[in-house]
Amino acid sequence: MGGETISSPPYDVVIIGGGPAGLTAGMYAARADLRTLTIEGGSTVSQITVTDLIENYPGIPDGIIGSSLVDRLKTQAVQFGLKIATGDVTAVTKKRWGETDGWEIVADDMRYGTLSVIIATGANWRRLGAAGEERFIGKGVSFCATCDGPFYRNREVAVVGGGDTAIQEALYLTRFAKKVTVIHRRDRLRATAILQKRAFANEKIAFAWNSVVESIEGLDLVQGIKLKDVKTGATRELAANGIFIFVGLTPNTAPFRELVAADQGGYITVDANMQTSVPGIFACGDCIAKRLRQVVTACGDGATAAFSAQLYVEELKGEAY
């Protein structure tokens, strides 16, 4: 192999991503006796690991901390024989293994050979694009209430967004902050009814309706936010020591944009079997184009992708039933 660091013999399936979708795919593939490797991101983490509480996962009525669920998934998958490596994948290219077509995956300084690929790289939080946002990241601008909430004990903070995550994180922040202002560009929330009910009943939560963030102000740290009314165009100042942003997601699919088909938002398009536009490459979880992005749907996607990869590999090997 020319002295290159290439797994030999190749894996049957390599999964890119170590969140719920990737780990579930790894568990199902390894349990099916496929030689399976999951490559966890070296510089990124799954959103679930910074989620305070997951209370709608079936069979766990008391809820579970996101990182704890990931640990359980990982332990279970490894018990079935899943191998795990760490690295940032930068390229996936075609490679021929004897008479069989496959793939070579580059992650940092390592190369991995495989007969099939499952992309499960998830998504990260979208930026507002407001003045001061990038400057104050880590200095008052945050995308993780679980990580940074304790820094704002008895202080005033803002949460941008109106979906489930924004409202759930706003509720979490009331454990520490004396006031949490939810900034939303519309006049009503899109979060589920139970979360809305809790938020409206919480005396620490206020709402800035029909508002967008025009700029984030401060010297060394965030001291306030300039809001713009989307209906009147009027601006006003909101005192805040921190701003937590939850306005949607951007898929982590940059390394695959020239490899498989994706929609305008960069989400990989798949069929019901998690098959991408390229035979032998499957995708699952938050990086694919779909209607609902939840832990339970990610796990279901992962199981489907693994089964599809299993059928594909068995066909390549002439072992199809």
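No experiment lies behind these values; they were computed from the predicted model shown.

**Q** Hey, could you run me through the sheet that holds strand β12 (residues 211–218) in this one?
**A** Sheet strands associate in pairs through backbone hydrogen bonding, adopting either a parallel or an antiparallel arrangement. The strand order across the open sheet formed by 3 strands is β12-β13-β14, and the pairing between neighbours is antiparallel. Of all strands in the sheet, those with a lone pairing partner are β12 and β14 (235–239), marking the two edges. Averaged over all pairs of adjacent strands, the angle between strand axes in this sheet comes to 30°, irrespective of strand direction. When strand β13 (residues 222–229) meets β14, the two strands line up antiparallel, connected through 5 bridges. Pairing of Ile225 across the sheet is with Leu238, part of β14.

**Q** Looking at this structure, how should I read the sheet that holds strand β15 (residues 242–245)?
**A** Read from one edge to the other, the open sheet built from 5 strands follows the order β8-β15-β9-β10-β11, with strand pairing classed as parallel. Each end of this open sheet is capped by a strand with a single partner; those strands are β8 (141–142) and β11 (205–208). Examined bridge by bridge, strand β9 (residues 156–160) and β15 share 4 bridges and lie parallel to one another. Within the sheet, the bridge partner assigned to Val160 lies in β15 and is Ile245.

**Q** Just checking my understanding: could you explain a positive patch on the surface for this structure?
**A** A contiguous patch of positive charge, built from Arg185, Arg186, Arg188 and Arg190, is present on the exposed surface. Within the fold, Arg185 resides in the loop between β10 (179–183) and α5 (193–201).

**Q** Mind showing me how you'd approach the pattern of salt bridges here?
**A** Side chains that carry opposite charge are capable of pairing whenever their charged atoms lie near each other. Following the criterion strictly, the structure yields 8 salt bridges and no others. In this structure, Arg111 engages Glu104 in a salt bridge whose closest nitrogen and oxygen atoms are separated by 2.9 Å. Look at Arg111 and you get partly exposed, because its relative accessible area is 30%. With relative accessibility at 8%, the residue Glu104 sits in the buried group.

Basis of the calculations
Residues numbered from 1 in each chain as written. Predicted model: local features only at pLDDT ≥ 70, side-chain atom pairs only at ≥ 80, totals over all residues. Heavy atoms only, no water. Pairing = 2+ DSSP bridges. Helix = DSSP H or I, 4+ residues; strand = E, 2+ residues; numbered from the N terminus. Axes fitted to C-alpha atoms, helices over the stretch in contact; angles between N-to-C directions. Patch = residues over 30% accessible without salt bridge, like charges linked within 9 Å, V, L, I, M, F, W, Y side chains within 5 Å. Areas by Shrake-Rupley, 256 points an atom, 1.4 Å probe, with all protein chains shown as cover. Salt bridge = Lys/Arg side-chain N within 4 Å of Asp/Glu carboxyl O. Lys, Arg positive; Asp, Glu negative; His and termini not counted. Charge placed at Lys NZ, Arg CZ, Asp CG, Glu CD. Buried < 20%, exposed > 50% of the residue type's maximum accessible area, 1.4 Å probe, protein only.

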